[in-house]
Amino acid sequence: VLEVAEKLCHQIAIIKDGRLIKNGLTAELVGDSSLEDVFLELTGETPQPKDNESEPRVNETEERKADETETEVAEHDGNL
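These numbers were taken from a predicted model, which means no experiment stands behind them.

> Mind showing me how you'd approach the overall build of the protein here?
Along its length, the protein carries 4 helices and 2 strands. Reading the protein from its N terminus to its C terminus gives the helix and strand order α-β-β-α-α-α. Just so you have it, the protein exposes about 6900 Å², and 47% of that area is on carbon and sulfur atoms.

So, in structure tokens, the structure goes:
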């Protein structure tokens, strides 16, 4: 959403908990950064994962497969 606001809005106001933190021309507020970076810095918020970041990473998926394989082998051997 902030990416779209940065592209479409000439002026931006950043408000947190009902208080105006900063406002002005988008280009002046953003500078060489992004509106998201400026917003996070000014509000002290932490970045939220993007949609594609909510999926398990490859390593997590591989670890689950390895755990499942070990369980299957143990069940087959009669160890569980």
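> When you look at the nonpolar core in this model, what are you seeing that I'm missing?
For soluble globular proteins, the rule of thumb is that nonpolar side chains tend to be buried together. Ala5, Ile12, Ile14, Leu29, Val30, Leu35 and Val38 together form the largest nonpolar core, which totals 7 residues. Put simply, the parts of the chain that give this core at least two residues each are strand E1 (11-16), helix H2 (26-30) and helix H3 (35-43). Discounting chain neighbours no more than four positions away, the residues touching isoleucine 14 are Arg19, Leu20, Ile21, Lys22, Leu35, Val38, Phe39, Leu42 and Thr43.

> Would you mind showing me how to read the pairing of E1 here?
The side chains of a regular strand alternate, residue by residue, between the two faces of the sheet. The pairing of E1 with strand E2 (residues 19-25) spans 6 bridges and is antiparallel. By the bridge assignment for E2, isoleucine 12 is matched with glycine 24. Remark: 2 residues form the turn of the hairpin made by E1 and E2, two consecutive strands paired antiparallel; aspartate 17 in that turn has positive phi of roughly 50°.

> Would you take a moment to explain the pattern of salt bridges for this structure?
Proximity of charged atoms lets side chains of opposite charge pair with each other. Evaluation of the coordinates by the stated rule reveals 2 salt bridges. Here glutamate 3 makes a salt bridge to lysine 7, at a shortest N to O gap of 3.9 Å. Of this pair, glutamate 3 and lysine 7 are both found in helix H1 (residues 2-8), 4 residues apart, which corresponds to roughly one turn of the helix. Per residue, the accessibility class of glutamate 3 equals that of lysine 7, and both read exposed.

> Where do I start with unusual backbone geometry in this structure?
Unusually for a residue other than glycine, aspartate 17 sits at a positive phi of about 50°. Here aspartate 17 is to be found in the loop between E1 and E2.

> Got a minute to help me understand the side chain of threonine 43 in this structure?
Locating threonine 43 in the fold gives a position in helix H3. Of the polar contacts made by the side chain of threonine 43, one reaches the backbone oxygen of phenylalanine 39; its length is 2.7 Å. Each residue touching threonine 43, except ones within four places of it in the same chain, is listed here: Ile14, Lys16 and Ile21.

Reading guide: rules and limits
Residues numbered from 1 in each chain as written. Predicted model: local features only at pLDDT ≥ 70, side-chain atom pairs only at ≥ 80, totals over all residues. Heavy atoms only, no water. Helix = DSSP H or I, 4+ residues; strand = E, 2+ residues; numbered from the N terminus. Areas by Shrake-Rupley, 256 points an atom, 1.4 Å probe, with all protein chains shown as cover. Core = buried A, V, L, I, M, F, W, Y, C linked by side-chain atoms within 4.5 Å. Buried < 20%, exposed > 50% of the residue type's maximum accessible area, 1.4 Å probe, protein only. Contact = heavy atoms within 4.5 Å. Pairing = 2+ DSSP bridges. Salt bridge = Lys/Arg side-chain N within 4 Å of Asp/Glu carboxyl O. Polar contact = N/O pair within 3.5 Å; in protein donor to acceptor, adjacent residues only side chain to side chain.

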